[in-house]
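# Coordinate analysis (summary)
Listed below are the residues making up each chain.
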Amino acid sequence: MADPNVVARQFVDYYYQTFDTNRGNLTGLYRDMSMLTFEGQQFAGAKNIVEKLTGLPFQRVVHKVSTCDAQPGGPQQSILVTVTGQLLIDEETQPQFFSQTFHLYPEGNSFFVYNDVFRLVLGM
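All of the points below concern the structure found in this document. (Residues numbered from 1 in each chain as written. Predicted model: local features only at pLDDT ≥ 70, side-chain atom pairs only at ≥ 80, totals over all residues. Heavy atoms only, no water.)

### Some details on the side chain of Arg 23
- By secondary structure assignment, the location of Arg 23 is in the loop between helix H1 (4-21) and strand S1 (30-38).
- Of the side chains with opposite charge, Asp 90 lies nearest to the buried Arg 23, which makes no salt bridge, at 7.1 Å.
- From its side chain, Arg 23 meets the backbone oxygen of Leu 53 in a polar contact 2.8 Å long.
- Apart from residues lying up to four places away in sequence, Arg 23 is in contact with Thr 18, Val 50, Leu 53, Thr 54, Leu 56, Phe 58 and Gln 59. (Helix = DSSP H or I, 4+ residues; strand = E, 2+ residues; numbered from the N terminus. Buried < 20%, exposed > 50% of the residue type's maximum accessible area, 1.4 Å probe, protein only. Lys, Arg positive; Asp, Glu negative; His and termini not counted. Salt bridge = Lys/Arg side-chain N within 4 Å of Asp/Glu carboxyl O. Polar contact = N/O pair within 3.5 Å; in protein donor to acceptor, adjacent residues only side chain to side chain. Contact = heavy atoms within 4.5 Å.)

### With respect to the sheet that holds strand S6 (residues 110-121)
- The sheet built from 6 strands is open, its strands ordered S2-S1-S6-S5-S4-S3 with mixed pairing. Whereas interior strands pair on both sides, the edge strands pair on one side only; in this sheet they are strand S2 (41-44) and strand S3 (61-72). Here the strands of the sheet are splayed against their neighbours by 15 degrees on average, with no regard to which way each runs.
- The pairing of S1 with S6 spans 5 bridges and is parallel. In the strand pairing of S6, Tyr 30 is matched with Val 113.
- Against the sheet, H1 touches S1, S3, strand S4 (79-89), strand S5 (96-107) and S6, its axis set at about 160 degrees to S3.
- Strand contacts of helix H2 (residues 46-54): S1 and S2, with the helix running at about 40 degrees to S1, the strand carrying the most contacts. (Pairing = 2+ DSSP bridges. Axes fitted to C-alpha atoms, helices over the stretch in contact; angles between N-to-C directions.)

### So, H1
- With 18 residues, H1 extends 26 Å between its outermost C-alpha atoms, agreeing within 8% with the 26 Å of an ideal straight helix rising 1.5 Å per residue.
- Along its buried surface, H1 packs onto S1, H2, S3, S4, S5 and S6.
- Where H1 begins, the side chain of Asp 3 points an oxygen toward the backbone nitrogen of Asn 5, at a separation of 2.8 Å. (Expected span 1.5 Å × (residues − 1).)

### Focus: the packing of aromatic side chains
- Throughout the structure, instances matching the rule amount to 12 aromatic pairs.
- Seen from their ring centres, Phe 11 and Tyr 15 are 5.7 Å apart, and the 35 degrees between their planes marks the pair as tilted. Linking Phe 11 with Tyr 15, this pair stays in helix H1, spanning 4 residues, or about one helical turn.
- On the accessibility criterion, Phe 11 (10% relative accessible area) is buried.
- Residue Tyr 15 is classed as buried on the basis of its relative accessible area, which comes to 1%.
- Chaining the aromatic ring pairs together yields one cluster made of Phe 11, Tyr 15, Tyr 16, Phe 19, Phe 38, Phe 98, Phe 102 and Phe 118. (Phe/Tyr/Trp six-rings, centres within 6.5 Å; stacked < 30°, edge-to-face > 60°.)

Okay, structure coming up:
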């Protein structure tokens, strides 16, 4: 089995770089069985997830990852990844804090996002 920490770091780097430059290119990371919970709203399937992400009401975003923790997700050799960090939206100068958890499932020689839970951390 691949080292969960190495896979998680590679995934997180790719995910946020892609999110920040062209959210539409995230489609390949999700499948029809994938689920996103974004600020309490649930979206099922790659098409609905990417529609949500590309429809967010901002043009520019920059993620800065503070922590990335990973561990094996079970006998299927899945990986659980938890990320914390900051993001800057459009012309804002004060970052917003966020937490995001991914459950990555193996598929061939790679992984896809089975579960994705995103939440802003307010009141900091």
